[in-house]
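Single-letter residue listing:
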Amino acid sequence: MATRILTGIKPTGQLTLGNYIGVLKHLKEETNRGECFYFIADLHALTMPIDPEVLKQNTIDLACFYLASGIDPKKVTLFVQSSVSAHAELNAIMQNYLYMGELSRMTQFKDKSSKMKESAIGLGLFSYPVLMACDIVLYDANIIPVGEDQVQHVELTRDLVNRINNKYGNVLVMPKAEMRKVGARIMSLSDPTKKMSKSDPKGDIFLKDDLAVIRKKIMSAVTDSGSEVKYDIENKPGISNLLTIYAALKDISIEEAENQFKDSRYGDFKKAVADVVCDELGAFQKKYQEILESKAYVKVLEEGKEKASAIANQTLNRIKDAIGLLKV
Ligand code: TYM
């Protein structure tokens, strides 16, 4: 079977170094493994309140970030989720095959909803993984590169695929989440026991941050007692996080990174981490700016919409047929 690789990013808040290390940085090399589908999950962005202008701007930004990752637009299908109507259509079907119990056990839902009043929790936030499963199965994708926080959703997609295939025959392709060995969960710089997320300005490095700001954030990252640069999540979560960032960006193992800094003090180590982050993000920001100014993303997204729609509609028809929706 052909290798189909698919992943999505939500255009909410500002993208972080976590998104970059967990996924964006590796999108180019994935194109050598199989056919790639990358998309902007704008329907998923609606699951939390968002200003329309911000959503539009974030969508454009994200398109530029995808392209700045170095992918060849001819080799991938890059599209906006809402521009391919099959996602919403399949969502209406699949919401009947995932159940309240399993959806209420999703960590992301529990985290987000626990901070909200019940009267403000939209149904879309609860059924978020249903749409995500649709994103995946519509393209017969078998490899889903994600950070650690999305693995549970891909696991639920696997349950759905099993359920549908047992009931209706082999209709859907089984996907598998793939995480990076180093960097699947980058932590906050201000609280390294928490994931770096789009909503924590102090502990986050945003991809659009000024390089001087990035440097400052790294130099003032929370570190741990002691003075040895050592990977030890329990006792040295701050240093371990910085080692992970360094190793992931340098494409080396944690052990190699530890070795490089075994005689360094925290201050010198942090400076080396800041250098590597600023080098990499500096180049990335330049490419992003060029793509934004040239508007090169417009044509890519238009073509992506056509290519993605053709494939997604075929799958949708296959599913409709299998479950007994009459094609008229
Ligand atoms: P999103 O937009 O929250 O994040 C995009 C990708 O970045 C990864 N990520 C991280 N990786 C390492 N360290 C971190 N601190 C970190 N924070 C985020 C995420 O795991 C993700 O891979 N639900 C998805 C979007 C989506 C999707 C899909 C993904 C919609 N449909 C289908 C894959 C397949 C999301 O909200 O990602």
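Residues numbered from 1 in each chain as written. Predicted model: local features only at pLDDT ≥ 70, side-chain atom pairs only at ≥ 80, totals over all residues. Heavy atoms only, no water.

Engineer: Mind showing me how you'd approach the pairing of strand β3 (residues 76–80) here?
Structural biologist: Consecutive residues of a regular strand have side chains that alternate between opposite faces of the sheet. Of all five residues making up β3, five are buried, and the element is well covered by its neighbours. Side chains Val76, Leu78 and Val80 of β3 all project onto a buried face; the interleaved residues Thr77 and Phe79 project onto the opposite face, where all are buried too. (Buried < 20%, exposed > 50% of the residue type's maximum accessible area, 1.4 Å probe, protein only. Helix = DSSP H or I, 4+ residues; strand = E, 2+ residues; numbered from the N terminus.)

Engineer: Would you explain the site of the ligand in this entry?
Structural biologist: Every one of the 28 residues lining the ligand counts as a neighbour, but Lys10, Tyr128, Asp135, Asp149 and Lys198 are closest to it. The separation between an oxygen atom of the ligand and a polar side-chain atom of Lys10 is 2.7 Å. Protein coverage of the free-state accessible area of the ligand, which is 720 Å², stands at 97%. Those elements that provide at least two residues to the shell around the ligand are β1 (4–9), α1 (17–22) and α9 (128–137). (Near = heavy atom within 4 Å. Polar contact = N/O pair within 3.5 Å; in protein donor to acceptor, adjacent residues only side chain to side chain. Areas by Shrake-Rupley, 256 points an atom, 1.4 Å probe, with all protein chains shown as cover.)

Engineer: Explain the packing of aromatic side chains to me, please; I cannot follow it from the model alone.
Structural biologist: The geometry of two aromatic rings is summed up by the distance between their centres and the angle between their planes. Summed over the entire model, instances satisfying the criterion amount to eleven aromatic pairs. An angle of 65° between the planes, with centres 4.9 Å apart, marks the rings of Tyr20 and Phe284 as edge-to-face. Here Tyr20 is found in helix α1, whereas its partner Phe284 is found in helix α14 (residues 266–294), with 264 residues between them in sequence. You'll find Tyr20 and Phe284 in the same group, each marked buried. Where Tyr246 meets Phe261, the ring centres are 4.9 Å apart and the plane angle is 80°; that geometry is what we call edge-to-face. Highlighted residues: Tyr246 in helix α12 (residues 237–250) and Phe261 in the loop between α13 (254–260) and α14, separated in sequence by 15 residues. Cluster of aromatic residues (ring-pair linked, three or more members): Tyr20, Phe65, Phe284 and Tyr288. (Phe/Tyr/Trp six-rings, centres within 6.5 Å; stacked < 30°, edge-to-face > 60°.)

Engineer: Teacher, can you tell me more about the nonpolar core here?
Structural biologist: Note on soluble globular proteins: their nonpolar side chains tend to be buried together. Residues Leu24, Tyr66, Ile245 and Val277 are the most contacted members of the largest nonpolar core, which totals 61 residues. When residues of this core are assigned to their parent elements, the largest contribution, twelve residues, is made by α14. Discounting residues that sit within four places of it in the chain, Ile245 has contacts with Leu17, Ile21, Ile186, Leu189, Val273 and Val277. Counting residues in each nonpolar core, the second largest holds 43 residues, with Val84, Leu103, Met106 and Ile311 among its members. (Core = buried A, V, L, I, M, F, W, Y, C linked by side-chain atoms within 4.5 Å. Contact = heavy atoms within 4.5 Å.)

Engineer: Can you walk me through the environment of Lys176 in this structure?
Structural biologist: Here Lys176 is to be found in strand β5 (residues 176–178). Given the relative accessible area of 51%, Lys176 is considered exposed. Between the C-alpha atom of Lys176 and that of Asn142, which follows or precedes it by 34 residues, the distance is 5.8 Å.

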